[in-house]
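# Structural description and commentary
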Amino acid sequence: MGARSRLAELLSSAPADARAVEFEESWWNWGALRSIARRLDAVLTEAGLGDGTRVGVVLENRPEHLAVICSVLATNRCVVTLSPLQPPERLAADVARSGLSVVVASRGILEDEGVLHAVTEAGLALRLETDGRLDRAAGRPRPDAETAPGVSIEMLTSGTTGPPKRVRLLDRQFDTALESSGQRPRKGVLLRSGVGLVTTPLVHIGGLWSAVSGLYAGRRLVLLRRFSLEPWVRAVERHRPPAAGLVPAALRTVLDAKVPPEKLSSLRVVTCGTTYCPPELADAFFRAYGARVLMTYGATEFAGAVAAWTLPLHEKWWDAKAGSAGRPLPGVEMRVTEEDGTRVAPGEVGHLEIRTAQSPDGSDAWVRTSDLARLDEDGFVWIHGRADDAIIRGGFKVQPDQVRQALERHPAVHEAAVVALPDARLGHVPVAAVELRPGHTPPSAQELAISCREVLTPYEVPAHILVLDALPRTPSSKVSRVELLDLVRASLAADGAA
């Protein structure tokens, strides 16, 4: 059963009083979600916006927004995600260039005049209230707006290296991803026991995937506005889930807070994606809480994960394969090649290519990713940074990941990030920022540079280092290289003015 038909089944047949989504420790039942879904369908149908309509949703982590997602997918329309986390002027520009005929947003979003103007210039604005009411706010649908039949979701990539780009996830991609990950409803069972925790933004593939796959399987969800330590711990204590998902930054937060192990004793595994998780962090979490950290590897373009650790794999192989992203999921093939496409030997680093039905190019096409990787003789994949990450400094190649590791050797450094700064003489130079460990004395930039020189060549040492309380991050908790570069430029400008 595909995602669309499964969500349609749930919206039509789930008992009205059955619990569906917990939000801020209160339950929304299936009856409440159904009411919103039917109201949205009625409004869109009345406006002549039927199958294939691209419905823009300024997507917040709230139950009523999840009901909108279910409605759009169940009625053969296309969800176009718009981020509420960006400044209003950027949101307005995003709406203006998206070619939408209808946008659903909360009252707070539409109260900004610039955003409302952009929406009504494009088409119809639908206002979604926190109590689930949905009304026409202003505007009218554009008759010439592009449709997207066969497309489930159109969403932005995370935008860590530059302006985010839109990716279309076809129905077959999304359904294949659900099948290959083992997310499926039980035969003859509409709803099942168990609770899934959703802590990452719905506007990002990780959050949206967690929510839709959980509902698809018939589980109840606990939806948090964002990851916050105390609400997350209370949710784990309250519902006793055997599994949860945390990004590396959240893993560190739990460890640094020294959460008592008995509060998290139900957890057997924690899945970890979106960005690289250091093996030592995963091991520290396992030692503290007895929960194995299962890394995943994927991308928005593939509708989610394409490689992962499972619990049996972790129990058998982790000691020998720590740091790997796991093995390809069922139905996924991987190979590593030279620049010219020649396949490299097992264990050698090259360009990672993937063939899967989750690909936008179909199940027969090899798609080259932007990642450098190696595949070992046992089928495990190891990610070695992005192929386009290399910084060419005066003809010398600098790998940001090597610089990051050098910075993180310092005992006061919690996490480091490295970006390329354009330079008139050298082309580019590496610059960096570090996030401090709580309770440590902040090191100077000079002290960090001296530490780097112990393990790096002179041209690899960052030309400028910022010491920060917290690194700037995207909604998916990856370090935002765009914002980091802005901080470095501002710091250099301030130094020049002084």
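Scroll up for the structure.
The paragraphs below set out a description of the structure included in this document. Keep in mind it's a predicted model, so treat the numbers as computed, not measured.

### Let's talk about the overall build of the protein
For the protein, the count of helices and strands is 15 helices and 25 strands. A compact globule built from 498 residues should have a C-alpha radius of gyration of about 23 Å, and the protein, at 23 Å, falls within 12% of that. Judged by the C-alpha coordinates and their principal axes, the protein covers about 65 × 55 × 50 Å. Classification of the 498 residues of the protein by burial places 52% in the buried group. By sequence separation, contacts in the protein at least 24 residues apart represent 61% of the contacts at least 6 residues apart. In the protein, which carries 58 positive and 60 negative side-chain charges, the distance between the mean positions of the two groups comes to 4 Å.

### Examining the nonpolar core
With 57 residues, the main nonpolar core has Trp30 and Leu126 as its most contacted residues. For this core, the leading source of residues is helix 3 (residues 63-74), giving eight residues. Once you skip the residues sitting within four places of it in the chain, Trp30 turns out to touch Leu10, Leu11, Ala14, Pro15, Ala16, Ala18, Arg19, Ala20, Leu191 and Leu215. Residues Cys272, Leu281, Met295 and Trp318 belong to the second largest nonpolar core, which totals 37 residues.

### Observations regarding the packing of aromatic side chains
Each pair of aromatic rings is reported with the distance of its centres and the angle of its planes. Counted by the stated rule, this structure contains six aromatic pairs. Between the aromatic rings of Trp309 and Phe380, the centroid separation amounts to 5.1 Å while the plane-to-plane angle is 40°, which identifies the pairing as tilted. Here the residue Trp309 occupies a position in the loop between strand 15 (304-308) and helix 12 (311-321), and Phe380 occupies one in the loop between strand 19 (367-375) and strand 20 (381-386), the gap between them amounting to 71 residues. For the residue pair Trp309 and Phe380, the accessibility class agrees, reading buried in each case. Members of the aromatic cluster, each reached through a chain of ring pairs, are Trp309, Trp317, Trp318 and Phe380. We note Arg374 situated over the ring of Trp382; from NZ or CZ to the ring centre the distance is 4.3 Å.

### Re the sheet that holds strand 20
The antiparallel open sheet is built from four strands, whose spatial order is 17-18-19-20. The sheet terminates laterally at strand 17 (332-337) and strand 20, the two strands that pair on one side only. Each strand axis lies, on average, 50° off the axis of its neighbour in the sheet, ignoring direction.

### Considering the pairing of strand 5 (residues 102-106)
Of all five residues in strand 5, five are buried, a share of seventy percent or more. Taken together, the three bridges between strand 3 (residues 54-58) and strand 5 define a ladder with parallel strand orientation. The partner of Val55 across the bridge, within strand 5, is Val102. Where strand 5 lies against strand 6 (residues 124-128), five bridges are found, and the strand directions are parallel. Considered in strand 6, the bridge of Val103 is made with Ala125.

### Focus: the side chain of Thr356
Positionally, Thr356 belongs in strand 18 (residues 350-356). For Thr356, a relative accessible area of 2% puts it in the buried group. From its side chain, Thr356 meets the backbone nitrogen of Gln358 in a polar contact 3.0 Å long.

### Observations concerning the environment of Leu223
Relative to the helices and strands, Leu223 is located in strand 11 (residues 220-223). Sequence-wise, Leu223 and His117 are 106 residues apart; in three dimensions their C-alpha atoms are separated by 31 Å. Leaving out residues up to four positions away in the same chain, Leu223 has contacts with Val21, Glu22, Phe23, Glu24, Asn61, Arg62, Pro63, Val198 and Leu202.

### A look at the packing of helix 1 (residues 3-13) against helix 8 (residues 205-216)
In the contact formed by helix 1 and helix 8, the axes pass within 9 Å of each other and the chain directions differ by 65°. Crossing handedness for the pair helix 1 and helix 8: left-handed. When helix 1 is examined against helix 8, the residues Ala3, Arg6, Leu7 and Leu10 are found in contact with a partner set consisting of Val212, Leu215 and Tyr216. Classifying every residue of the contact of helix 1 with helix 8 by side-chain character gives six nonpolar, no polar and one charged.

### A closer look at the packing of helix 7 (residues 171-180) against helix 8
Between helix 7 and helix 8, whose axes approach to 11 Å, the crossing angle comes to 70°. By the criterion of interaxial angle, the relationship of helix 7 to helix 8 is roughly perpendicular. Every residue of helix 8 that contacts helix 7 at Phe174, Ala177 and Leu178 is listed here: Trp209, Val212, Ser213 and Tyr216. Residue composition of the contact of helix 7 with helix 8, grouped by class: six nonpolar, one polar and no charged.

Rules of the game
- Residues numbered from 1 in each chain as written.
- Predicted model: local features only at pLDDT ≥ 70, side-chain atom pairs only at ≥ 80, totals over all residues.
- Heavy atoms only, no water.
- Helix = DSSP H or I, 4+ residues; strand = E, 2+ residues; numbered from the N terminus.
- Rg over C-alpha atoms; globule rule 2.2 N^0.38 Å.
- Buried < 20%, exposed > 50% of the residue type's maximum accessible area, 1.4 Å probe, protein only.
- Contact = heavy atoms within 4.5 Å.
- Lys, Arg positive; Asp, Glu negative; His and termini not counted.
- Charge placed at Lys NZ, Arg CZ, Asp CG, Glu CD.
- Core = buried A, V, L, I, M, F, W, Y, C linked by side-chain atoms within 4.5 Å.
- Phe/Tyr/Trp six-rings, centres within 6.5 Å; stacked < 30°, edge-to-face > 60°.
- Lys NZ or Arg CZ within 6 Å of the ring centre and 35° of its normal.
- Pairing = 2+ DSSP bridges.
- Axes fitted to C-alpha atoms, helices over the stretch in contact; angles between N-to-C directions.
- Polar contact = N/O pair within 3.5 Å; in protein donor to acceptor, adjacent residues only side chain to side chain.
- Left-handed = near helix turned anticlockwise from the far one by under 90°.
- Nonpolar A, V, L, I, M, F, W, Y, C, P; charged D, E, K, R; others polar.
- Parallel < 35°, antiparallel > 145°, perpendicular 65-115°, else oblique.

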